[in-house]
Amino acid sequence: MSRLAKEKSPYLLHAASQKVDWHPWSEEAFEKALVEDKPVFLSSGAIWCHWCHVMAKECFFNDEIAALLNNHFVCIKLDRDERPDIDRRYQRAVAAMGNAGGWPLSVFLTPDKKPFFGGTYFPPEDSYGRPGFKKILKAIVDYYRSNRQEIDSYIERLMDSIQPVPLVRGAINNEMLDSARSAMLSMSDQQNGGFGSAPKFPMPGAIAFLLNRFYFEGDGASGHAVRKTLEAMAKGGFHDQLKGGFHRYSVDEGWIVPHFEKMADDNAWLLRNYVDAYATLGSNYFREVAQGIIGFTRDVLSDKDGGFYASQDADVSPDDEGGYFTWTEDDFRRVLNDAEFQVLSLHLLHERGGMHHDNSKHVLFAARETSDIARTLELDEKSVARLIIDGKAKLLQERQKRVAPFVDTTIYTSLNGMLITSYMKAHRAFNDSAARDFAVKSLDRILHIRSAGKKLFHTDTIEALLDDYVYLAEALVAAYEVTGSRKYLETADMIMERCLERYWDKDEGGFFDAETPLLGLGLKGIEDIPHPSANAVGIIQLLKLHCITGKLPYRRHAEVALEAFSTKAGELSINAGYYFCALDAYYRMLRLTVEAPFESRLGDAARSVSAPYLSIVYAEDHNRIVPCIGEVCYEPLQDEKQLEEFILKLQAGSRK
């Protein structure tokens, strides 16, 4: 029986049938390598990863390659979703070797876990401009046997090069926000939306920061960049035009052809972006997109008993990339009636959506607007809109007859925290009680299955990492604000205290990603990867908990972290977008102390406020709301109209 057959990870279970004698990550595997004097081959990937499946098919089911691996190496298979801390360190090492990172990650190690060669996808034979895996394995075997001293010397230099550089502490000020905005806008794609060039990731931290710049300052350039980006993403094939939800990233500049995996974290953060954009920019289209994300995550990425799943795979088969999501013209003619075909082929079926491996198959994207189609076909817009709705329903019904991509039903604490918070935000913006109820149900389940005494877990068997603590704390605070239940606030307080005990860097400030770092690498990231960094989210939660509990150490820790990361964030610019949200929150956090019954009109009004960086506190009943920003408190607000007027004064964007 394969050693992987009893693992929990779907990715490891998927590898159990391969011809390679895989070990899970374990001390046993490295002890075996030491005793047998063999190098270790580490393959790190994920169930949603297209090229992981391609390499598995081409290499790990190949008799000759499997024999080379089994005879000359101790082989370890790692699920990067299950152990992101391990994967992150070897990605860093491979990057230092001069090779691009990504998945599958293929790394060769000594028995003491030190890397000496690595890359990503390797074909079995030389192709794609890459050396063949057979050739690499034979070269590694020879090199390891005859050049041990050279390997040891190289490892020493490599390990020195990947040690984290000490952070350069800097002062924080409002001018940093202006500089960050200018830098982000300089990278915005005015034609296609988004930032930079292909491949394009959504960068939700940067979107949130620029949207908040518009909210507070009415900055037209920031508002335009956000609107352009959110509209372009939603109209592209990067957005599932039939079911809702977003794929991982776009391979082109125009958001048309995606990498097809759908991830919980991406959809959690894009849900927040679209909810906030609806509230700030007033676009009903953004509300529809947000509701589509909720529909997708509820139908595909959630458990009926509460909790969210991790991902939906990119493909059904590595031989047909995106096959589940793509369509031919013949498919359209078979499924749609003549009128629907005439409209839907103009709306969604365009040559720019053609797949590279089969140009007859197309990714659906909104190539032409309803008004344009109506003019072209000499129809009224209402008729075209109705045909689009009916046609999409037919296409979705037909697609659901296909074999669907695999769904990783692992319930990770961190990913659940993200989506629970996003659902709470959607409830407050849309008065969506179903979103609130499922979020609360999911939170209660996570607390039940992922915590034991003082321990928190990432999965069933893996202890929690920084992301789990931070995102669970965020979800607990959101639940307190939405439900008024102090048990959620008290648990959030406890989780954050534990987080500080376990991960806080007492020398420099900021949070380490893991309590016991592999290879002696204590990593503290502020980069959005592309979802916002746990350090940035953690800073905001420290500020919120200070507002709600009044505990001064929380604010002091937030200050220290902001100062510690200030220089690094300035260098990263758009890639540290959420750090600048945290810095913005430091200056602009709004506390609404609701001194009224939870279910009163004042309580409802406070929860419907959509201002950025908002904290709600429930206190004794004096039939009023006390607003404070920083250390300054304002005249108590006696009714909903006064609250509305107060919020409008904050919102410069509403006056532009």
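Check the entry above for the structure.
What you see is a predicted model; the values in this text were computed from it and never measured. (Residues numbered from 1 in each chain as written. Predicted model: local features only at pLDDT ≥ 70, side-chain atom pairs only at ≥ 80, totals over all residues. Heavy atoms only, no water.)

Peer 1: Looking at this model, I keep getting lost on the state of the cysteines. Mind explaining?
Peer 2: In protein structure, a disulfide is the covalent linkage between the sulfur atoms of two cysteines. Tallied over the full model, the rule gives two disulfides. The residue that forms a disulfide with Cys 49 is Cys 52, at a sulfur-sulfur distance of 2.4 Å. Classification of the bridge connecting Cys 49 and Cys 52 rests on its S-S torsion, roughly 80°, and on that basis the disulfide is right-handed. For the residue pair Cys 49 and Cys 52, the accessibility class agrees, reading buried in each case. The connectivity of the disulfide-linked cysteines in the protein chain, indexed sequentially, is 1-2, 3-4. No disulfide involves Cys 547; its nearest neighbouring cysteine sulfur is the one of Cys 628, lying 8.6 Å away. The cysteine Cys 581 is free of any disulfide, with Cys 547 supplying the nearest cysteine sulfur at 16 Å. For Cys 581, a relative accessible area of 1% corresponds to the buried category. (Disulfide = S-S within 2.5 Å. Buried < 20%, exposed > 50% of the residue type's maximum accessible area, 1.4 Å probe, protein only.)

Peer 1: Just checking my understanding: could you explain the pairing of strand E16 (residues 590-595) for this structure?
Peer 2: The buried fraction of E16 is high, at six of six residues. Burial along E16 is two-sided: the face carrying Leu 590, Leu 592 and Val 594 and the face carrying Arg 591, Thr 593 and Glu 595 are both buried. Sheet topology note: the E16/strand E17 (residues 614-618) ladder contains five bridges and is parallel. The residue bridging Val 594 from the neighbouring strand is Tyr 618, located in E17. Taken together, the six bridges between E16 and strand E18 (residues 624-629) define a ladder with antiparallel strand orientation. Each bridged residue has a counterpart across the sheet, and for Val 594 the counterpart in E18 is Ile 625. (Helix = DSSP H or I, 4+ residues; strand = E, 2+ residues; numbered from the N terminus. Pairing = 2+ DSSP bridges.)

Peer 1: Sorry if this is basic, but what is going on with the packing of aromatic side chains here?
Peer 2: Given two aromatic rings, their pairing is described by the distance between the two centres and the angle made by the two planes. A full pass over the atoms with the stated rule returns 39 aromatic pairs. With a centroid separation of 6.3 Å and 35° between ring planes, the pair formed by Tyr 285 and Phe 286 is classed as tilted. Ring geometry for Tyr 579 against Phe 580: centres 5.1 Å apart, planes inclined by 90°, an arrangement best described as edge-to-face. In this pair, the class of Tyr 579 matches that of Phe 580, namely buried. One aromatic cluster is present, formed by Trp 22, Phe 41, Phe 60, Phe 73, Phe 108, Phe 117, Phe 122 and Phe 133 through successive ring pairs. One Lys or Arg, Lys 113, reaches over the ring of Phe 30 and ends 4.9 Å from the middle of that ring. For the cation-ring pair, Arg 607 lies above Phe 598, with the distance from its terminal atom to the ring centre recorded as 3.8 Å. (Phe/Tyr/Trp six-rings, centres within 6.5 Å; stacked < 30°, edge-to-face > 60°. Lys NZ or Arg CZ within 6 Å of the ring centre and 35° of its normal.)

Peer 1: What's the story with the pairing of strand E4 (residues 105-109) in this structure? I'm lost.
Peer 2: Successive side chains on a regular strand alternate, one facing one side of the sheet and the next facing the other. Most of E4 sits inside the fold, with five of its five residues counted as buried. Both strand E2 (residues 40-45) and E4 contribute to a ladder of five bridges, which runs antiparallel. Bridge pairing in E4 places Phe 41 opposite Phe 108. As defined by bridge partners, E4 adjoins strand E5 (residues 115-119) across four bridges and the pair is classed as antiparallel.

Peer 1: For this particular structure, what's the right way to read the side chain of Gln 18?
Peer 2: In this fold, Gln 18 is placed in the loop between helix H1 (10-15) and strand E1 (22-24). With relative accessibility at 7%, the residue Gln 18 sits in the buried group. Reaching out from Gln 18, the side chain makes a polar contact with the side chain of Trp 22 at a distance of 2.9 Å. Not counting residues within four places of it along the chain, the set of residues in contact with Gln 18 comprises Ala 56, Phe 60, Phe 61 and Lys 77. (Polar contact = N/O pair within 3.5 Å; in protein donor to acceptor, adjacent residues only side chain to side chain. Contact = heavy atoms within 4.5 Å.)

Peer 1: Would you mind showing me how to read the sheet that holds E1 here?
Peer 2: Spatial ordering of the open sheet is given by E1-E3-E2-E4-E5, a layout of five strands whose pairing is mixed. The open sheet has two edge strands with one neighbour each: E1 and E5. Across the sheet, the axes of successive neighbouring strands diverge by a mean angle of 30°, strand direction being ignored. Sheet analysis places E2 next to strand E3 (residues 74-79), joined by six bridges and oriented parallel. (Axes fitted to C-alpha atoms, helices over the stretch in contact; angles between N-to-C directions.)

Peer 1: What is the right way to read the packing of helix H14 (residues 338-348) against helix H16 (residues 381-399) from this model?
Peer 2: For any two helices packed against each other, one specifies the crossing angle of their axes together with the interaxial distance. In contact at an axis separation of 9 Å, H14 and H16 are set at 90° when each is read in the N-to-C sense. One finds that H14 runs roughly perpendicular with respect to H16. Residues Ala 339, Glu 340, Val 343, Leu 344, His 347 and Leu 348 of H14 pack against Val 384, Leu 387, Ile 388, Asp 390, Gly 391, Lys 392, Lys 394 and Leu 395 of H16. Residues that form the contact of H14 with H16 fall into these classes: eight nonpolar, two polar and four charged. (Parallel < 35°, antiparallel > 145°, perpendicular 65-115°, else oblique. Nonpolar A, V, L, I, M, F, W, Y, C, P; charged D, E, K, R; others polar.)

Peer 1: Looking at this model, I keep getting lost on empty space enclosed by the protein. Mind explaining?
Peer 2: Empty pockets left among the atoms are what a rolling probe the size of a water molecule brings to light. Taken as a whole, this structure holds two cavities of 30 Å³ or more when the rule is applied. In this model, the largest cavity occupies a volume close to 630 Å³. Along its surface, the largest cavity is lined by 34 residues, and Asp 276, Lys 425, Ala 611, Tyr 613 and Leu 614 are the ones closest to its centre. Breaking the lining of the largest cavity down by element, the ones donating at least two residues are helix H9 (204-217), helix H11 (264-281), helix H17 (413-430), helix H19 (466-483), helix H21 (534-549) and helix H23 (577-588). (1 Å grid on protein atoms, 1.4 Å probe; cavity = no way out; pocket = protein on both sides within 12 Å on 5 of 7 lines; lining within 4 Å. Points joined across faces, edges and corners; volume = space filled by probe spheres on them.)

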